[in-house]
Amino acid sequence: MHVKSVNLETVCGITSTLPKNNKMEIAFAGKSNVGKSSLINALMNRKAYARTSAQPGKTQTINFYNINDELYFVDLPGYGYAKVSEALKEKWGKMIEKYLKTSKQLKIVFLLVDIRHDPSENDRNMYEWIVYQGYQPIIIATKLDKINRSQIEKQMKAIRKGLNAGASAIIIPFSSLSKQGRDEIWELIESVITK
Ligand code: GDP
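All residue numbers refer to position in the chain's written sequence, counted from 1. Note on the predicted model: pLDDT of at least 70 is required for a residue's local features to be given, and 80 or more for side-chain atom pairs to be given and counted; whole-chain, interface and lining totals, by contrast, use all residues. The side-chain numbers reported here are obtained from all heavy atoms of the structure, hydrogens and water having been left aside.

Going by an unreviewed UniProt entry, the chain carries the name Probable GTP-binding protein EngB and comes from Anaerocolumna sedimenticola. Of the chain, the UniProt comment under Function (unreviewed entry) reads exactly: "Necessary for normal cell division and for the maintenance of normal septation." UniProt positions are given in the numbering used here, feature names are shortened, and annotations may be inferred rather than shown by experiment. On record in UniProt, under Sequence similarities (unreviewed entry), the comment for the chain is "Belongs to the TRAFAC class TrmE-Era-EngA-EngB-Septin-like GTPase superfamily. EngB GTPase family."

Dropping the structure here:
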């Protein structure tokens, strides 16, 4: 898809009401620092529209990016952030859960994991949670440029196993540096839009 316009249209905090959008939504979940903003920026062809972790003041919100007035990218709060209280973590969890439960327009949920590491318990919980809400998560293995080519297969296997994802689960390796994987992700999104 040629991204002509991008607009951060809605930002939801813990107490906000979720928007009732009438266009398809594509959600992105993953622990903080996994490379979620970098992926979203790469898909939108923007350098730093979605804020990356390196930028101070990044708050935990659900951000709705309107793309071309055709669809929304939904940036879910990064989980597993060490510096916050359990109570706040629980609130974010509830916020994500509420979104997954109530969105009428959600078509794809991408779950991001770092290709270098075995999935954490948080990752596994998130995967199960998405499945429980009736979605088949598409896994994106981020930071592909950080491992050797010879290790890709092994890491993909470890991720599949660690998330308890079946043989049919799709895993797409991605690098925000080389942009490898970007076309495949867009193809997947487009295949759903045009259905
Ligand atoms: P977020 O917290 O999930 O939104 O993660 P960010 O997109 O802010 O990325 C966290 C850090 O990882 C930043 O320093 C990024 O530059 C870096 N990063 C993200 N994606 C990649 C990637 O594909 N390759 C490499 N080498 N670094 C990445």
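This part takes up the packing of aromatic side chains. The description of an aromatic ring pair rests on the distance of the ring centres and on the angle between the ring planes. Planes of paired rings set the category: under 30 degrees apart is stacked, over 60 is edge-to-face and the rest tilted, where pairs are Phe, Tyr or Trp rings (Trp by its six-membered ring) whose centres lie within 6.5 Å. For the structure shown, the criterion picks out 5 aromatic pairs. Ring centres of F64 and Y99 lie 6.0 Å apart, and the angle between their planes is 75 degrees; on these two criteria the pair is classed as edge-to-face. Pair noted here: F64 is in strand β3 (residues 62-67) and Y99 is in helix α2 (residues 86-102), with a separation of 35 residues, a long-range link. Relative accessibility under 20% of the residue-type maximum defines a buried residue, over 50% an exposed one, and the middle range a partly exposed one, all with a 1.4 Å probe and only protein chains included. On the basis of relative accessible area, F64 is assigned to the buried category, the value being 1%. Strands are runs of DSSP state E lasting at least 2 residues, helices are runs of H or I lasting at least 4, and numbering of each runs from the N terminus.

The subject of this paragraph is the environment of Q151. Within the secondary structure, Q151 is located in the loop between β6 (138-142) and α4 (152-162). A relative accessible area of 33% means that Q151 is categorised as partly exposed.

Attention now moves to the packing of helix α1 (residues 36-44) against helix α5 (residues 182-193). It is at 10 Å that the axes of α1 and α5 come closest, and there the two elements cross at 75 degrees. In terms of orientation, α1 lies roughly perpendicular with respect to α5. Of α5, the residues touching α1 (which contributes L39, A42 and L43) are R182, I185 and W186. Here the residues of the contact of α1 with α5 sort into 5 nonpolar, no polar and 1 charged. Fitted lines through C-alpha atoms serve as axes, helices being fitted only where they are in contact, and the angles separating the N-to-C directions of these axes extend from 0 to 180 degrees. Oblique is the label for any angle not covered by the other classes, which are roughly parallel (under 35 degrees), roughly antiparallel (over 145) and roughly perpendicular (65 to 115). We call two residues in contact when some of their heavy atoms are within 4.5 Å. Each residue is assigned to one class: nonpolar for Ala, Val, Leu, Ile, Met, Phe, Trp, Tyr, Cys and Pro, charged for Asp, Glu, Lys and Arg, and polar for all the others, Gly among them.

Here the focus is the pattern of salt bridges. Should their charged atoms come close, side chains of opposite charge can pair. Think of a salt bridge as a Lys or Arg side-chain nitrogen and an Asp or Glu carboxyl oxygen that are within 4 Å of each other. Throughout the structure, instances matching the rule amount to 4 salt bridges. Measuring nitrogen to oxygen at the nearest pair gives 3.2 Å for the salt bridge that ties K94 to E90. Placement of the pair is K94 and E90 together in helix α2, with a separation of 4 residues, close to one helical turn. The partly exposed category is assigned to K94, whose relative accessible area is 48%. R116 is paired through a salt bridge with D114; the nearest N and O atoms lie 2.8 Å apart. R116 sits in the partly exposed class, given a relative accessible area of 32%.

A few words on the nonpolar core. As used here, the term nonpolar core means buried Ala, Val, Leu, Ile, Met, Phe, Trp, Tyr and Cys residues forming a set that is joined through side-chain atoms within 4.5 Å. The biggest cluster of nonpolar side chains holds 36 residues, and the ones touching the most others in it are I62, Y99 and I139. The element best represented in this core is α2, accounting for 5 residues. In this structure I62 touches T10, V11, C12, L18, V74, D75, L76, P77, M95 and Y99, once residues within four positions along its chain are discounted. In terms of nonpolar packing, the next biggest core, distinct from the first, is built from 28 residues, I40, M44, A50 and I67 among them.

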